[in-house]
Structures are given as structure tokens and as C-alpha cells.
Amino acid sequence: MGQQHRRVATAAVLLALLPAGLAGCGSDDDAGTAATPTGRAPAEEAAAKSRERVQAYLDALAARDAAAGRSQLCAPLQAAFDTTATGPNGDFADHFTVPQATITDVRTGPRGQEVSATVTVAAGSRKATRSLLFTVTRTGADWCIAGEAPGGNSAQPAVTP
């Protein structure tokens, strides 16, 4: 009976120590500070943070503030942004204005949150409205735009009966 008692006691000790051992698991604490709970479900928080990042980028477009737009991007995109953003076809080209930009949808996608937007671009008296699809991901404790592509369709798939 001594061997059985020892196994039960070992299992009880391991179970008692398990919560303490797992306390640090899952911490994406790059800066050394604890994450502040938002009171929202993870999916709601992801959608809200993604919407905030894309809205800040769209606001930067409208304000013609390339630095503010750059700050919304993930680090790997920033070098390409620096070389193309203010070029002849870049998002922040001098001859473009953005009189209207609207987020139309936020959904979970295969590489992060997908945020659909429509952007009206004007060049002189000509205007064109285009759909864009932004991919937003979480990097550590922060969120950033990881991609921008033409968004011929909404991020939301069509539902057929």
C-alpha cells in the first residue's frame, strides 16, 4: 500500500503546483508590463483593434499624413511603404486626394483580421471608388496592418441558400 500512497501523493502535489507553473504561459509581454484586460471577448477585441488600425490608416490617407499611415503598418511593410507610398501610384501620392473612405466589413481571415474598405480617390476633377482589403495581425501586445490588396469583394463570403 506504500507505493500506491506515494503515487497519489505525487499526483496531488503535481496538481497543486500546476496552476503556479502555468501562470506565466501565454504571456506576450514584450515590454515587461502586464496586459490590461479590456473586458471584451478575444474576437470582439480583435475586430475592434483591427478596425481602429485601418481607420487610423484611412484617416492618415485623408489627411495626407504619410508618417501617420506608416505607423499603422507592421515593420516588414514599412520599408516598401517608404519607397512607394509617395510615388506616382502610391497611396500618398501628391496628386491624389481622398474625399471619402469607409470601413465596410471586419472578419476573421486565414492570416488575421480582414478589414474591407471603400476609398474614393480624386485626381483633379476625376473620382474613382475602389475596394481595399486590409489584413491586420497582432504582433506581441500590439496590432498592425500586415497587408493591403485590392478588394474586389467584401471580406465576407457570399452566402447562397
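So, here's what we can say about the structure.

So, how was this worked out
Residues numbered from 1 in each chain as written. Predicted model: local features only at pLDDT ≥ 70, side-chain atom pairs only at ≥ 80, totals over all residues. Heavy atoms only, no water. Core = buried A, V, L, I, M, F, W, Y, C linked by side-chain atoms within 4.5 Å. Buried < 20%, exposed > 50% of the residue type's maximum accessible area, 1.4 Å probe, protein only. Helix = DSSP H or I, 4+ residues; strand = E, 2+ residues; numbered from the N terminus. Contact = heavy atoms within 4.5 Å. Phe/Tyr/Trp six-rings, centres within 6.5 Å; stacked < 30°, edge-to-face > 60°. Pairing = 2+ DSSP bridges. Axes fitted to C-alpha atoms, helices over the stretch in contact; angles between N-to-C directions.

**Structural notes on the nonpolar core**
Note on soluble globular proteins: their nonpolar side chains tend to be buried together.
Moving on, step 1. Ranked by size, the top nonpolar core spans 21 residues in total, and within it Val54, Tyr57, Leu58, Phe92, Val115, Phe134 and Ile145 carry the most contacts.
Moving on, step 2. Contributions of two or more residues to this core are made by helix 2 (42–63), strand 1 (97–109), strand 2 (112–123), strand 3 (126–139) and strand 4 (142–150).
Moving on, step 3. Here the element with the most residues in this core is helix 2; it accounts for 6 residues.
Moving on, step 4. Other than its neighbours up to four places away in sequence, Tyr57 contacts Gly69, Gln72, Leu73, Phe81, Asp91, Phe92, Phe134, Ile145 and Glu148.

**Things to note about the environment of Pro99**
Moving on, step 1. Within the fold, Pro99 resides in strand 1.
Moving on, step 2. Distance in space between the C-alpha atoms of Pro99 and Ala62 is 6.6 Å, their sequence separation being 37 residues.
Moving on, step 3. Aside from chain neighbours lying at most four places away, what touches Pro99 is Thr120, Val121, Ala122 and Lys127.

**Some thoughts on the packing of aromatic side chains**
Moving on, step 1. Scanning all chains against the criterion turns up 3 aromatic pairs.
Moving on, step 2. Between the aromatic rings of Tyr57 and Phe134, the centroid separation amounts to 5.7 Å while the plane-to-plane angle is 65°, which identifies the pairing as edge-to-face. Taken together, the positions of Tyr57 in helix 2 and Phe134 in strand 3 put the pair 77 residues apart, joining distant regions of the chain. Phe134 carries the same exposure label as Tyr57, and that label is buried.
Moving on, step 3. Among the aromatic residues, those joined into a cluster by ring pairs are Tyr57, Phe81, Phe92 and Phe134.

**Points about the sheet that holds strand 2**
Moving on, step 1. Spatial ordering of the open sheet is given by 1-2-3-4, a layout of 4 strands whose pairing is antiparallel. The strands lining the two open edges of the sheet, one partner per strand, are strand 1 and strand 4. The average angle at which neighbouring strand axes cross in this sheet is 25°, direction not considered.
Moving on, step 2. Both strand 2 and strand 3 contribute to a ladder of 11 bridges, which runs antiparallel. Paired with Ala122 across the bridge in strand 3 is Lys127.

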